[in-house]
Amino acid sequence: SYKKKKVHLFVSPGLPGVSASGMGLRLSQKFMFLLFLSGLVTLCFGALFFLPDSVRLKRIFLSKTETQPVTVGSGSENDAREHLKKPRDQEHPRGMTSAKGETSTKLKTLTRKPSVSHEATEERLAGGKAQEDFTLPRSKAESASERATASDRGATSDTFSYAKFKGCLLKPPLGRDNGKPSDPRTDERREKVKEMMKFAWDNYKRYAWGKNELRPVTRNGHIGNMFGKGASIIDSLDTLYIMGLMEEYNDAKEWVQNSLDLNSNGEASLFEVNIRYVGGLLSAYYLTGEEVFKSKVLELGEKLLPAFNTPTGIPRGVINLGSGTSWSWGWASAGSSILAEFGTLHLEFVHLTELSRNSIYTEKVMNIRKVLNKIEKPHGLYPNFLSPVSGNWVQHHVSIGGLGDSFYEYLIKSYLMSDKTDDDAKKMYYGALEAIEANLVQKSPGGLTYMAEWRGGILDHKMGHLACFSGGMIGIGADDGAPEKRQHYLDLAAEITHTCHESYTPTKLGPEAFRFDGGGEATATRLNDRYYILRPEVIESYMYMWRLTHDPKYREWGWEAVEALEQHCRVESGFSGIRDVYTMTVSHDNMQQSFFLSETLKYLYLLFSDDDLLPLEDWVFNTEAHPLPVVRKSCLQDKATQDKTVSK
Ligand code: DMJ
């Protein structure tokens, strides 16, 4: 046929000496074969993109940047990867896990180490002059100091030095005597809280080890799908450590070393991973100096960066830690991101930069701030939903409780954690507080001060349990407000804490939300607002107010809560939330939340401790109660590094 001839004529000059049928195949068959072969090659190459990052083949054929989708915009993945490239000699700092998951000799040595006691850990860490002054006998301190110096050998001005950091603290983290109060009754109360922690932990270990949370009634574990595994372990590390539960702390540490898998492919909440895992690991590192926590947290931090890959750089709420893909919550209106989620990254990300000496993390959170500063705010308020694509508000719902809460908390805490140098955060915080006071703060007919919610100008006279953290927040920010406002802020903090205490009745535990309309005063009028899930916020405010005022009522209120937890929430195998705080014959929800271990029990323990246990001059608590140290640039960095940072 004409077609055949044409092909024959076209192909034969290319195969000299071999006729078209010379290989036993007709030309059309050869053509089909070639077509099939090229299709197969294309298919195989394309399939590489869908393989998990860990597959060797993918690493051979695709460079790192090629494995992620490329988008343009301030928060692009390419941008992130670019910043993560470091000079060769800095690629794998001592003790860090490498990109291939291989651990350096230092880390291997650490994993083989036998369990350590609280005292031994303290001793091992004693590095700077500050630690010598703290608790150690001179000879011990000297040898510990030598070892710490050795472990920091090779540290350049661009490498984080743990010993230097320790030397920057104004006081020892655990106080002169681990914060033991001199008053025997308070000490007894503190011991009771420690016993509660041990009971909660032991049951978690027995029935739910490695799972996210314990189901104390059915005695099994709960995973859920919002964050990896072992949330209760990571959330407990620092609480166990400060309580001196060292055997338990060592078990937790061993789990992190051997079983914390950061490559799981499931969906995870960026916010939850950040506040629980990043926050928990950071605190554990700063308190103990154990390299394993640092290497794990840096590995995890890098995995969070693709979530910022949006046109505005405002991260989406959900991320797949394995593939790096991210998306918005299905329930968040019009694919928006949530204020309390993208606004609750700052403290941890600043510390990721501190430890990695990589500015990418700080840049990501500073960009969020830039977007928020640029956008117009209704009455100076920050609505809860923002589009990560357009950078505009999606709905005008404002709340100091759920969806908004910790954004405000992180503004003032960013300022405090920066050693009071982050003036931008300060300005934003006091500006927001002014708008909140003008639009949301209300007085009930019975004289209770509360924070209402705001929906496009209409007030909903409801306050969530979550919003009760604001007593403590306004309290810690009081001193840095305008001089004429300081006493006012402290009074406002006390009033809100008082209102939240009023909501704790008759079980002496509080409902999820309470209202001030329909004749009610701090009462849950709706059936489905009556539950208590072991939340910390009210106790958190007692702790801060105690530290700020030393009014004994806060310790009494805290003790009331301890008794109520014991009476209503303690079951045979752990602590459980309850379904109705207004019924004395309680029904249990069968869940021991991980924040009960990290927050509720820690804040209670601190409430009954001396102020020198994690002093507020040196430590800022993240929103999951994980203590992070104040960053004293002037002390942490040498002159050359400071100059470099400033000129960036
Ligand atoms: C905790 O996970 C954090 O405090 C978060 O900010 C909101 N609340 C829960 C506990 O109630």
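Note that the coordinates shown come from a computational prediction; the quantities given were computed from them, not determined experimentally. (Residues numbered from 1 in each chain as written. Predicted model: local features only at pLDDT ≥ 70, side-chain atom pairs only at ≥ 80, totals over all residues. Heavy atoms only, no water.)

1. Here's the deal with the overall build of the chain
Here is the rule we go by: In this text, helices come from DSSP runs of H or I with a minimum length of four residues, and strands from runs of E with a minimum of two, each type numbered from the N-terminal end. Throughout, exposure labels follow a simple rule: accessible area from a 1.4 Å probe, protein chains only, divided by the maximum for the residue type, with under 20% read as buried, over 50% as exposed, and the rest as partly exposed. Note on contacts: a residue pair is in contact if any heavy atoms of the two residues lie within 4.5 Å. Accessible surface area values rest on a Shrake-Rupley calculation with a 1.4 Å probe, where residue burial reflects the displayed protein chains alone.
The secondary structure content of the chain amounts to 26 helices and 19 strands. Classification of the 648 residues of the chain by burial places 55% in the buried group. Within the chain, contacts between residues separated by at least 24 positions form 68% of all contacts whose residues are at least 6 apart in sequence. For the chain, the computed accessible surface area is about 27,400 Å², with 56% contributed by carbon and sulfur atoms.

2. Here we look at the sheet that holds strand E9 (residues 397-398)
Convention followed: Pairs of strands are assigned from DSSP output, requiring at least two bridges between the strands.
If you walk across this open sheet you meet the three strands as E9-E12-E13, and the pairing is antiparallel. Each edge of the open sheet carries a strand with a single partner, namely E9 and strand E13 (458-460). Pairing of E9 with strand E12 (residues 453-455), which is carried by two bridges, proceeds in the antiparallel orientation. Pairing of Val398 across the sheet is with Trp454, part of E12.

3. Notes on the packing of helix H21 (residues 486-502) against helix H23 (residues 553-569)
Put simply, the rule reads: Axis geometry follows a simple rule: fit a line to the C-alpha atoms, using only the stretch in contact for helices, then measure angles between N-to-C directions, giving values from 0 to 180 degrees. These descriptions rest on fixed angle ranges, namely under 35 degrees for roughly parallel, over 145 for roughly antiparallel, 65 to 115 for roughly perpendicular, and the rest for oblique. We call a crossing left-handed when the near helix sits turned anticlockwise from the far one by less than a right angle, and right-handed when that turn is clockwise. Here the nonpolar group is Ala, Val, Leu, Ile, Met, Phe, Trp, Tyr, Cys and Pro; Asp, Glu, Lys and Arg are the charged ones; every other residue, Gly included, is treated as polar.
Their axes nearest at 12 Å, the elements H21 and H23 cross at an angle of 25°. Comparing their axes, H23 and H21 come out roughly parallel. Remark: the crossing between H21 and H23 carries left-handed chirality. Between H21 and H23, the residues in contact are Ala494, Thr497, His498 and His501 and Tyr554, Trp557 and Glu560, respectively. Classifying every residue of the contact of H21 with H23 by side-chain character gives three nonpolar, three polar and one charged.

4. As for the UniProt feature "active site" (unreviewed entry) in the chain
The line we're drawing: UniProt positions are given in the numbering used here, feature names are shortened, and annotations may be inferred rather than shown by experiment.
According to UniProt, the feature "active site" (unreviewed entry) maps to Glu272, Asp405, Glu512 and Glu537 in the numbering used here. With respect to the element layout, Glu272 can be found in helix H13 (residues 270-288). Its relative accessible area of 17% is what places Glu272 among the buried residues. We classify Asp405 as buried; its relative accessible area is 12%. Apart from residues no more than four positions distant in its own chain, Asp405 is found in contact with Ala340, Ser399, Ile400, Leu466 and Phe469.

5. Concerning the packing of aromatic side chains
Which entries qualify depends on this criterion: Between 30 and 60 degrees the pair is tilted, below 30 it is stacked and above 60 it is edge-to-face, where a pair is any two Phe, Tyr or Trp rings, Trp via its six-membered ring, whose centres lie within 6.5 Å.
For the coordinates displayed, the defined rule picks out 32 aromatic pairs. Plain terms: the ring middles of Phe160 and Tyr286 are 6.0 Å apart, the flat faces sit at 75° to each other, and that makes the pair edge-to-face. Here Phe160, found in the loop between helix H8 (138-151) and helix H9 (162-168), pairs with Tyr286, found in helix H13; they are 126 residues apart in sequence, far enough to count as distant. For Phe160, a relative accessible area of 2% translates into the label buried.

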